[in-house]
Amino acid sequence: MADVTACVCLMVIGNHGCSWLKQEDRGYYFNKAIFKKVTLSFVGTKMLVLGLKSLVLESSESSRTTGFALTLWTNAWRALDAVGVAPSLRQRSLRIRGGDYESRCLERKELLETLRKELPPGTIRYSSKVVLIEESGRFKLVHLADGSILKTKVLIGCDGINSVVAKWLGLQKPVYAGRSAIRGLAEYPSGHGFEPKIYTYFGGGFRFGFVPCTDKTLYWFFTYTPSVFQYDEDMEENPIKMKQFVLSKIANVAQEASDAVDRTELKSISSAQLKLRLPWNLIFGDIVKRNVCVVGDALHPMTPDIGQGGCSALEDSVVLARCLGEALLAKRRKDIKDDEEEEFERIRNGVEKYGKERRWRSFNLISTAYLVGLIQESDGKVLSFLREKWLSKYTPDAFLRCANYDCGKLLIS
């Protein structure tokens, strides 16, 4: 057996299989890649704030910053405030105009770079693809593709929709939602002139929208139900066909929408099938087990219809860091004489507390996102009628209810 490295306090896995493309060996690609990187960097940053040593396993050879943008709502900004990086990010984004909430569309590379700078050198270990997880008493042995074995007291899976850690926990694989998404980032060197708000159009089997990130960049999305439309089977691998498809479907939408898609460079367009974890899997399955847990897409992959995928991953990280920090930094229990056993009990209590806090929140987000998407994109006569006459009044409330969540602070006395 290969040598086992010295035990670290906490290990974060970011194993990046390509969950949005058919070829699983293609590695990182656009949005999903950055989302997983943001999650694992955020977890590592949280542990640093609490003084907890952590090691982040990254399967790619180096850090990549290719990616688009994500809309961060009030709950996400509260999470970023908790770790102290929100002020600098606010300076590099536009606040979306609206009611009593905070929403900004942020380029993913900005978020990733900001979080990564908070980590000390050596926290992220590259070229570390996880192939096997084993138990060794109270510890976990993490086998890497290069033959090395790492021993850890806490194992956190931030490894996306095809999570190795979620599989080890026994969670069922996410399922196809029956819908797909095409996304892009348009650049306007001389400025786009749009007001900072979210522009959306939906119905007829698709939903299109765009939102300014900065004065010169604009993020757009097009989600649709493939069974409603005719298109080339290889479109999801061909950015030219993606662009042509979107343009053909939004021809009757405002001209500004077509202009945004038309000016988008091919390298800044991606396509993905939308998947979700069946909500009841979170209720009846194990999202934590002793000293192992999952966060982000590894825990609650959801459709993007309420904009909470990335936001909830940041929530997860704050809650987990607080629960582990409270457990690990608490005074030792005198009723347990063995130091190692006492520490393990504290770790398990912290992980289990995290699971209790995130189980129903994740259930609610996945369910709400799916239902909102179903209502907005439906081409059926009944749902279309209900959407126009009644349901459209309530979907904005669903957005804001989900976004008005406070994950709490990281101050531990």
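To be clear, the structure that these remarks concern was listed above.
Criteria and cut-off values
- Residues numbered from 1 in each chain as written.
- Predicted model: local features only at pLDDT ≥ 70, side-chain atom pairs only at ≥ 80, totals over all residues.
- Heavy atoms only, no water.
- Axes fitted to C-alpha atoms, helices over the stretch in contact; angles between N-to-C directions.
- Helix = DSSP H or I, 4+ residues; strand = E, 2+ residues; numbered from the N terminus.
- Left-handed = near helix turned anticlockwise from the far one by under 90°.
- Contact = heavy atoms within 4.5 Å.
- Nonpolar A, V, L, I, M, F, W, Y, C, P; charged D, E, K, R; others polar.
- Salt bridge = Lys/Arg side-chain N within 4 Å of Asp/Glu carboxyl O.
- Buried < 20%, exposed > 50% of the residue type's maximum accessible area, 1.4 Å probe, protein only.
- Core = buried A, V, L, I, M, F, W, Y, C linked by side-chain atoms within 4.5 Å.
- Pairing = 2+ DSSP bridges.

Novice: Mind laying out the packing of helix 2 (residues 74-83) against helix 9 (residues 309-328), listing which residues take part and the relevant values?
Specialist: Contact geometry of helix 2 with helix 9 gives a least axis separation of 8 Å together with a crossing angle of 35 degrees. As helix 2 packs across helix 9, the resulting crossing turns out to be left-handed. For the pair helix 2 and helix 9, contact is made by Asn 75, Ala 76, Ala 79, Leu 80 and Ala 82 and by Cys 311, Leu 314, Glu 315 and Val 318, respectively. Split by residue class, the contact of helix 2 with helix 9 holds seven nonpolar, one polar and one charged.

Novice: Give me the pattern of salt bridges: which residues, what numbers.
Specialist: By the definition in use, this model includes 24 salt bridges. Here Arg 138 makes a salt bridge to Glu 340, at a shortest N to O gap of 3.1 Å. Linking Arg 138 in the loop between strand 6 (130-136) and strand 7 (139-144) with Glu 340 in helix 10 (residues 339-377), this pair joins segments that are 202 residues apart in sequence. By relative accessible area, Arg 138 is classed as partly exposed at 28%. Between Lys 289 and Asp 286 there is a salt bridge, with its nearest N and O atoms 4.0 Å apart.

Novice: Can you explain the nonpolar core? Please cite residues and give values.
Specialist: With 69 residues, the main nonpolar core has Leu 72, Leu 80, Ile 156, Val 294 and Tyr 354 as its most contacted residues. Broken down by element, this core gets its largest block of residues, nine residues, from helix 9. If we skip the residues at most four places from it in the chain, Leu 72 touches Trp 77, Leu 80, Glu 102, Ser 103, Arg 104, Leu 106, Cys 311 and Leu 314. Core analysis: the second largest hydrophobic core is formed by 23 residues, Tyr 188, Met 242, Val 246 and Ala 260 among them.

Novice: Please give an account of the sheet that holds strand 8 (residues 149-152) that cites residues and values.
Specialist: Pairing is antiparallel across the open sheet formed by three strands, whose spatial order is 6-7-8. The sheet is open, and its two borders are formed by strand 6 and strand 8, each paired with just one other strand. Strand-to-strand, the axes of this sheet are offset by a mean angle of 25 degrees, without reference to chain direction. Here four bridges tie strand 7 to strand 8, and the two strands are oriented antiparallel to one another. Directly across from Lys 140, in strand 8, lies its bridge partner Thr 152.

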